[in-house]
Amino acid sequence: MGLLYALVAVGLAIIWGLMEMINFAHGEFMMLGMFGAWGLSAWLGWDPLITMVPLAVVMYGAGVLVYRVLMQKVQRGEMFTQIFATVGLFFFIQNGVVALFTSDYRFINASLLTRLSGVNLTVGGVRIGVPLLVGGLIALALFLILYLLIDRTDFGLALQATAEDRDAAMLVGIRPQRMYAVAWGLGTALVAIAGVILANFFSVYPQAGLSFTVLAYAIVALGGFGSILGTLMAALLVGVVQSVTAAYLPPAFKDAFVFASYILIGLFRPQGLFGRF
Amino acid sequence: MRILRVIVAVAVLFFVAVQLGPGARAAGPVSEVLIGELLPLTGNFASLGQQYLWAGQTVEDIVNNDYPDLKVPLGPGKGFPGLGGAKMTLVVRDDQSRGDQARTLAEQLITVNKVHWLNGEGTSGNTSIIQPLVESYGIPMTCHACASPTLTEKGFKWFYRTGPNDGTMVASVFQFLKEWPDHGGPKDLKTIALFTCDNLFCQDNRKIALDLSEKAGYKIVADLTTKTGATTLASEVQRLQSANPDVLFSVQYPAETTIFQADMKRANYMPKVLATSNGAYSDQTWLNAQKATNGAAAWLGRDPTAIDLASKKPSWKQVNEIYKKYSRGQDMGELAMREITGMLWMADTINRAKSVEPAALAKAANETDMKPDMMIIDYKGIKFDKNRQNELATGVVTQIGWDNDKHTIWPWDLAAQAGFKTMYPAPSWPERESHKK
Amino acid sequence: MLGALVALLYPIPFERSGQIYYETVGFLVLLNAMLGIGWNIIGGWAGQFDFGPSIFFAIGAYTAALLTINLGWNAWLALLGAMVVSAAICAAVTYPVTKLRGHYFAIATVAMWMIAQPIGATWPLINGSQGLFIPVATGGGFVHGVLTMEFPGRGKGLGFYYLSLALFTITLLAARAIERSKWGFYFRAVRDDQDGAEAIGIDSRLYKVIARCLMAVVFAAGGTLYGFWALAVFPDQVLEVNWNILPMMAAVVGGLGRLWGPVLGAVVLIPISQLMATTLGTGPLAGRGIDLIIYGAIIMVIAGWRPNGLLSLPWSEWAARLRGHASASGKA
């Protein structure tokens, strides 16, 4: 489960962690991914594992679009206006989906992963569900690709440079607007992929986004800004804390403990576990 | 200050816009009876709100149009005969599943739209928020499907409920469990676990269940409360698995129930008896979605109605056809049935009162003595006790079979009519898989 | 002064036509404006983003409710009690967290909010998710109403409108005083350049705490007011995400850090959302969330068009031009 959280969070890690732009509607893009997967599965019978790719591309475009049309203008003003704008986006997207599809719960029934549901792998005494494992592996793979992209390529360096100092970056010929647009596109695409995978396990409905959004924010902050690896570690940690808490304490406090751990860790390491700034 | 002028300008503009808005209704003989419908049409409880809305639209249709051989109040004939043929109009408001919004909109419905009767909110928690308000304005108010007992126990004079409350309904489940051994059921159910969400409705249920469990001599091996909106319930399933109760009493809304089922499947966990109370069990959409996976087979729960028997009534079938016009083809579930029954009662009351004045409405309501043959649901009738709770609505216990339909299993006389053999123990997940083919 | 007059007289036409609802809208505007001003202290002036102020709203509402129900305190004393308790709790939890900067601090405030939710839902002292009910007072005239914050019957809309107007005005005046005081200066110093401020001896942690607790006091007062208005305190009501977002949005829309910003923001946002909910959220399109879609769209448009808030529009130029026109046509 932790790996799946990581996937949801990593999109945010780029938009927010790296580029410092707040997106209240992060979970909504995930939800769009879920709906996309469900829709294609229900109407065309395509398995989500396959639709993941075209959906990611579409959502990438959506992210870039949102950036160009909305966020670029908003960047001129206060940091807060970004939140405000994305709150508007949140209402807009969530209710747009309600208008088109109503608030009914929907389920994907006929995908590879759901058929595998109930199949378990026993590794060293711990039972792991195969579908979750597959989802987790995909998440891990994407993470690795992302990490390599950000840390090892020129392009990734350019992104980081823009994040650290926009003006200096411009001086060396990097176009910040383009960087931001790409960041948004990437972030949205990633979280949409997360949505596609999650749609195999969760019911698909318009309000699905918010609880994941809040968790994602906590994870990115816990991991530390600017560190992709940090986000991964944090996500895994969150998954563990959740399971442990639910196993021994009142389950209603599961998330509360996650957040309490955040505060505790924050007290000792104000930049998060691996943060750069 | 300049800025002050800006604010003033905005306020004035708003003020003007308001005056152009819905005006006060004229006094005198009414041609239109305004029924306020305050529902959660978006937000957390949206799928419930939708079913309420369809129910309301169905009743509006029945009252305003002529259905000569429909045996329900105001079926035949158009409009309210007692009011000279006045028609019924729903004034619908969406409160986004939020209590403060519900309260504000309730005030709007009463003071601006001047509705004659307020139906809502739809969930027990938000309904209790608007009760004091409506009480202070003195118009009748109803929430037929809100099951929390406290709603009728606080001494409000204007709140009526035709549906049963959880006090009686949960008791029926335990009654069933108690009598089951004498009717072919297992004799060795000793332990119970409670699994509830953290809001008003679930917690009320939990308190009743705790109390009844102790009285019935069950050993409570786990009592877990989960946060609404949880993203995973895997560890909770683990805990339940190790506690291994004979009976699992679960009260959760549809979204969490789905997550729970998925996590149960992965862990291959299924208790011998899975009993529940409303929440997902009442949600027709959830039920329909279970067909593909047999996820709901053998779930048993309290039910305000013996739906398998009621649906045999011709009036049920007729009303269902009307309902399907509005519900995108979905059949009436028990939620819609409770709501439609209650609203038809309301229409009947208004008709008997021959007026829309609150005092007349209250009098007609208090004198209600409706007989079961005029209802599509199988209450024994409608008659209110001193708390304005319908004392003739008792509820039954149903169980979902392999056919994904609900079958009455208690009380025993009705169960005999229904002719369904109770399933025990609840089938495991692999069994459910194989049963599909 | 014209504004004050409008504010005072606003409810009168509604009283006469019996459309009490609009008074309640006014109440909500004033309540949120007040909360917005409070939030502005930490968010706008001290520059620390607080995403979870609703915990103090809840603390205020619950404290006041408990004091009234269990100890029989008078409503106004309960209000003071709520404010004190809120400030105390705020100071205790905020100080350690001020070690965190910027976004990290913001997430910490969210964390506190998330932790408060299950506590609110399950803590027996406050009756968990079954809520606390403030007994309804019956009878009594207007003066009695003011004293107990309860206005039985139809006077409710009117009573709470003026009550909120009073509290709002007090908050506004207090905020104005703070803005011009040494504290205000320290807050802004911390916001603009925390390291620089510390270099000249300003204890940034202390002032962050003070700023946040001033906000906590305002929110507690708001929470108390809300509790008496609703006559019931439920955890999912008072900890609701909207109490986090709306005051913040009002401040941002109006202009962050400006004294009147949140007021303008509240006056704009709330009537819009109410209007949307009642016109578009009903009828055949009901349940499709159309009203919220448009609400969201409006928000995005405002954000994109005026990222610095509506107050940053050149009002003075416009007013001058209007006056110029008037005098020009007068002379001609």
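Residues numbered from 1 in each chain as written. Chains lettered and ligands numbered in written order. Predicted model: local features only at pLDDT ≥ 70, side-chain atom pairs only at ≥ 80, totals over all residues.

Draft legend 1. Here's a closer look at the overall build of chain A. The secondary structure content of chain A amounts to 12 helices and 2 strands. A total of 277 residues make up chain A; the buried ones form 61% of that total. When contacts within chain A are restricted to residue pairs at least 6 apart in sequence, those whose partners lie at least 24 apart make up 76%. (Helix = DSSP H or I, 4+ residues; strand = E, 2+ residues; numbered from the N terminus. Buried ≥ 20, exposed ≤ 12 C-beta atoms within 10 Å, placed from the backbone. Contact = placed C-beta atoms within 7 Å.)

Draft legend 2. Structural detail: the overall build of chain C. Within chain C, the secondary structure is distributed over 16 helices and 2 strands. Classification of the 332 residues of chain C by burial places 60% in the buried group. If you take every contact in chain C between residues at least 6 apart in sequence, the share linking residues at least 24 apart comes to 72%.

Draft legend 3. Region of interest: the sheet that holds strand 10 (residues 299-303) of chain B. All names here are of chain B. The mixed open sheet is built from 7 strands, whose spatial order is 7-6-8-9-10-11-12. Two strands lie at the open edges of the sheet, namely strand 7 (219-226) and strand 12 (406-410), each paired on one side alone. In this sheet, neighbouring strand axes are inclined to one another by 25° on average, regardless of whether the strands run parallel or antiparallel. (Pairing = 2+ DSSP bridges. Axes fitted to C-alpha atoms, helices over the stretch in contact; angles between N-to-C directions.)

Draft legend 4. Fine view of helix 4 (residues 124-137) of chain B. Residues and elements named next belong to chain B. With 14 residues, helix 4 extends 20 Å between its outermost C-alpha atoms, agreeing within 8% with the 20 Å of an ideal straight helix rising 1.5 Å per residue. The largest bend in helix 4 comes to about 35°, at Ile130, with the proline Pro132 one to four residues further on. Judged by how many residues are buried, helix 4 sits mostly within the fold: 11 of 14 residues are covered. Buried residues of helix 4: Ser124, Gly125, Asn126, Thr127, Ser128, Ile129, Ile130, Gln131, Pro132, Leu133 and Val134, and no others. Looking one or two residues beyond helix 4, the residue adopting positive phi is Gly138, at roughly 65°. (Expected span 1.5 Å × (residues − 1). Bend = angle between axes of the 7 residues up to and from the residue.)

Draft legend 5. How the structure looks around the environment of B:Gln108. Summarising the element assignment, B:Gln108 is placed in helix 3 (residues 99-111). For B:Gln108, a count of 25 C-beta atoms within 10 Å gives the class buried. Sequence separation between B:Gln108 and B:Arg93 is 15 residues; the distance between their C-alpha atoms is 9.6 Å. The residues contacting B:Gln108, other than those within four sequence positions of it, are B:Asn113, C:Tyr21 and C:Thr278.

Draft legend 6. The packing of helix 2 (residues 26-43) of chain A against helix 10 (residues 209-223) of chain A, seen in detail. Residue and element names in this part refer to chain A. At a minimum axis distance of 7 Å, the contact between helix 2 and helix 10 shows a crossing angle of 130°. It follows that helix 2 is oblique to helix 10 by the angle criterion. Crossing handedness for the pair helix 2 and helix 10: right-handed. Of the residues in helix 10, those touching helix 2 at His26, Gly27, Glu28, Met30 and Met31 are Gly209, Leu210, Phe212, Thr213 and Ala216. (Parallel < 35°, antiparallel > 145°, perpendicular 65-115°, else oblique. Left-handed = near helix turned anticlockwise from the far one by under 90°.)

Draft legend 7. A look at the sheet that holds strand 5 (residues 159-160) of chain B. Residues and elements named next belong to chain B. Spatial strand order, 2-1-3-4-5: 5 strands in an open sheet with parallel pairing. The outermost strands of the open sheet, each flanked by one partner alone, are strand 2 (87-94) and strand 5. Strands strand 1 (32-39) and strand 2 of the sheet are contacted by helix 2 (residues 46-64), whose axis makes an angle of about 165° with strand 2.

Draft legend 8. A look at the nonpolar core. Counting residues in each nonpolar core, the largest one holds 342 residues, and the members touching the most others are A:Ala9, A:Met34, A:Ala192, A:Ile193, A:Ala218 and A:Ile219. At 18 residues, the largest contribution of residues to this core is made by helix 11 (residues 204-230) of chain C. Mapping this core onto the domain boundaries places at least three of its residues in each of domain 1 (29-164 + 311-374) and domain 2 (167-303 + 405-436) of chain B. Those residues in contact with A:Ala9 that lie beyond four places of it in its chain are A:Ala216, A:Ile219, A:Val220, A:Thr231 and A:Ala235. (Core = buried A, V, L, I, M, F, W, Y, C linked by C-beta atoms within 7 Å. Domains from an automatic or database assignment.)

Draft legend 9. View of the packing of helix 2 of chain B against helix 12 (residues 334-353) of chain B. Residues and elements named next belong to chain B. Where helix 2 meets helix 12, the closest approach of the two axes is 9 Å, and the angle between their N-to-C directions is 40°. One finds that helix 2 runs oblique with respect to helix 12. Note that helix 2 runs across helix 12; the crossing there is right-handed. Contacts between helix 2 and helix 12 involve Leu48, Gln51, Tyr52, Trp54, Ala55, Gly56, Thr58, Val59 and Val63 from the former and Leu335, Ala336, Glu339, Ile340, Met343, Leu344 and Ala347 from the latter. Grouping the constituent residues of the contact of helix 2 with helix 12 by class yields 12 nonpolar, 3 polar and 1 charged. (Nonpolar A, V, L, I, M, F, W, Y, C, P; charged D, E, K, R; others polar.)

Draft legend 10. How the structure looks around the pairing of strand 9 (residues 273-277) of chain B. Residues and elements named next belong to chain B. Taking burial as the measure, the 5 residues of strand 9 include 5 buried ones, the bulk of the element. Here strand 9 shows a buried face lined by Val273, Ala275 and Ser277 and a second buried face lined by Leu274 and Thr276. Sheet topology places strand 8 (residues 247-251) next to strand 9; 4 bridges connect them, and they run parallel. For Val247, the partnering residue across the bridge sits in strand 9 and is Val273. Considered for its hand, the β-α-β crossover made up of strand 8, helix 8 (residues 254-267) and strand 9 is right-handed. Both strand 9 and strand 10 contribute to a ladder of 4 bridges, which runs parallel. The partner of Ala275 across the bridge, within strand 10, is Leu300. (Right-handed = clockwise from strand over helix to strand, strands pointing away.)

Draft legend 11. Layout of the environment of A:Met233. Residue and element names in this part refer to chain A. Within the secondary structure, Met233 is located in helix 11 (residues 228-248). For Met233, a count of 20 C-beta atoms within 10 Å translates into the label buried. A sequence separation of 13 residues divides Met233 from Val220, and the C-alpha atoms of the two residues are 9.7 Å apart.

Draft legend 12. Structural context of helix 9 (residues 182-192) of chain C. Residue and element names in this part refer to chain C. Looking at helix 9, one finds that the buried residues are Tyr186, Phe187, Val190 and Arg191. Down the axis of helix 9, the buried set is contained in an arc of 135°. They therefore lie on one face. The exposed residues of helix 9 that point more than 90 degrees off its buried face are Lys182 and Asp192. On its buried side, helix 9 packs onto helix 3 (21-45), helix 10 (194-199) and helix 11. (Arc of directions from axis to C-beta.)

Draft legend 13. Spotlight on unusual backbone geometry. Residues and elements named next belong to chain B. With omega at 0°, the peptide bond leading from Trp410 into Pro411 counts as cis. One can find Pro411 in the loop between strand 12 and helix 14 (412-418). At the junction of Tyr424 and Pro425, the peptide bond is cis and its omega measures out at -15° in the coordinates. Unlike most non-glycine residues, Asn244 shows phi in positive territory, near 50°. Structurally, Asn244 is set in the loop between helix 7 (234-243) and strand 8. The backbone phi angle of Arg328 is positive, close to 55°, even though this residue is not glycine.

Draft legend 14. Region of the structure containing the confidence of the model for chain C. Here chain C averages 75 in pLDDT, while 75% of its residues score no lower than 70. Taken together, the chains of this predicted complex give a pTM of 0.77 and an interface ipTM of 0.73. (pLDDT = per-residue confidence, 0-100.)

Draft legend 15. View of the environment of B:Glu60. Residues and elements named next belong to chain B. On the secondary structure map, Glu60 appears in helix 2. C-beta crowding within 10 Å serves as the criterion here: with 19 such atoms nearby, Glu60 is assigned to the partly exposed category. The sequence separation of Glu60 and Leu344 amounts to 284 residues, and the corresponding C-alpha distance is 9.1 Å. Contacts of Glu60, omitting those with residues within four sequence positions, involve Met88 and Leu90.

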